[in-house]
Amino acid sequence: VQLQASGGGLVRAGGSLRLSCAGSGRTFNRYNMGWFRQAPGKEREFVARIRWSGGSTNYADSVKGRFTISRDNAKNTVELQMNSLKPEDTAVYYCAAGSAWSYYSDQYDYWGQGTQVTVSS
C-alpha cells in the first residue's frame, strides 16, 4: 500500500483544514488507518484512528470534539477534518495503514510522506 497525504497549510487559530490520505492498491480497505503528527523537537504522537470497516474510531484527548476521521473504501481515501484549530496543533501530519488496531506508531506498516499544518495565533 502506498499512501499520499495532502491538504495541509497555514490557517489562523479557530480555523479549519481537511487532510486527505489517498491509498493505492486493492487491499487498502483491509487496513486500519491512523493519523499521527510530529511537532518540531517532539515525538510523533497519535491523533486518530479508524477501523478498516469504518465502524470504529478513536481520538487523542487533545483533539477529541474538534477532529473527525472518516474513510471511503470505494475511493481508497481517509480524511481528517480539523476544526477549531489551535497553535498547538501545528505539526507535520502523517497517515498510516496497519493490520493492528493500535495507538502506537510502530504498529503501523505503511506511511504517507506527511503534510505540514501550521496554525497561527
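A brief look at the structure comes next. Counting starts from 1 at the beginning of each chain's written sequence and moves along it residue by residue. Only residues with pLDDT of at least 70 get local features here, since the model is predicted, and only at 80 or more are side-chain atom pairs given and counted; chain-wide, interface and lining totals rely on the full set of residues. Think of the side-chain values as coming from all heavy atoms in the structure, minus any hydrogens and water.

1. Some remarks on unusual backbone geometry
Even without being glycine, Asn 76 reaches a positive phi, approximately 55°. A run of H or I in DSSP becomes a helix once it reaches four residues, and a run of E becomes a strand once it reaches two; helices and strands are each numbered from the N terminus. With respect to the secondary-structure elements, Asn 76 resides in the loop between β7 (67-72) and β8 (77-82). Here the term buried applies to any residue with accessible area under 20% of the maximum for its type, exposed to any over 50%, and partly exposed to those in between, with areas from a 1.4 Å probe on protein chains only. Classification of Asn 76 by relative accessible area gives buried; the value is 17%. If you check the backbone angles, Ser 84 has positive phi at about 50° while not being a glycine. With respect to the helices and strands, Ser 84 occurs in the loop between β8 and β9 (91-98). Judged by its relative accessible area of 41%, Ser 84 is partly exposed.

2. Concerning the pattern of salt bridges
Whenever a carboxyl oxygen of Asp or Glu lies within 4 Å of a side-chain nitrogen of Lys or Arg, that contact is scored as a salt bridge. Applying the stated criterion across every chain, the model contains 5 salt bridges. Here Glu 79 makes a salt bridge to Arg 18, at a shortest N to O gap of 2.5 Å. With a gap of 61 residues between them, Glu 79 in strand β8 and Arg 18 in strand β3 (residues 17-23) connect regions that are remote in the sequence. Looking at Glu 79, the relative accessible area reads 23%, which means it is partly exposed. For Arg 37, the salt bridge identified is with Asp 89, shortest N-O distance 2.9 Å.

3. Let's talk about the nonpolar core
Generally speaking, soluble globular proteins have nonpolar side chains that are buried together. The biggest cluster of nonpolar side chains holds 33 residues, and the ones touching the most others in it are Trp 35, Leu 80, Met 82 and Tyr 93. Mapped by element, the contributors of at least two residues to this core are β1 (3-6), β3, β4 (32-38), β5 (45-50), β7, β8, β9 and β11 (115-120). With 5 residues, β9 is the largest single contributor of residues to this core. The contact criterion used throughout is that any non-hydrogen atoms of two residues lie within 4.5 Å. Once residues within four sequence positions are removed from consideration, Tyr 93 is found in contact with Leu 19, Trp 35, Phe 36, Arg 37, Val 47, Phe 67, Leu 80, Met 82, Gly 114, Thr 115 and Val 117. Here, the term nonpolar core denotes a set of buried Ala, Val, Leu, Ile, Met, Phe, Trp, Tyr and Cys residues that are joined through side-chain atoms within 4.5 Å.

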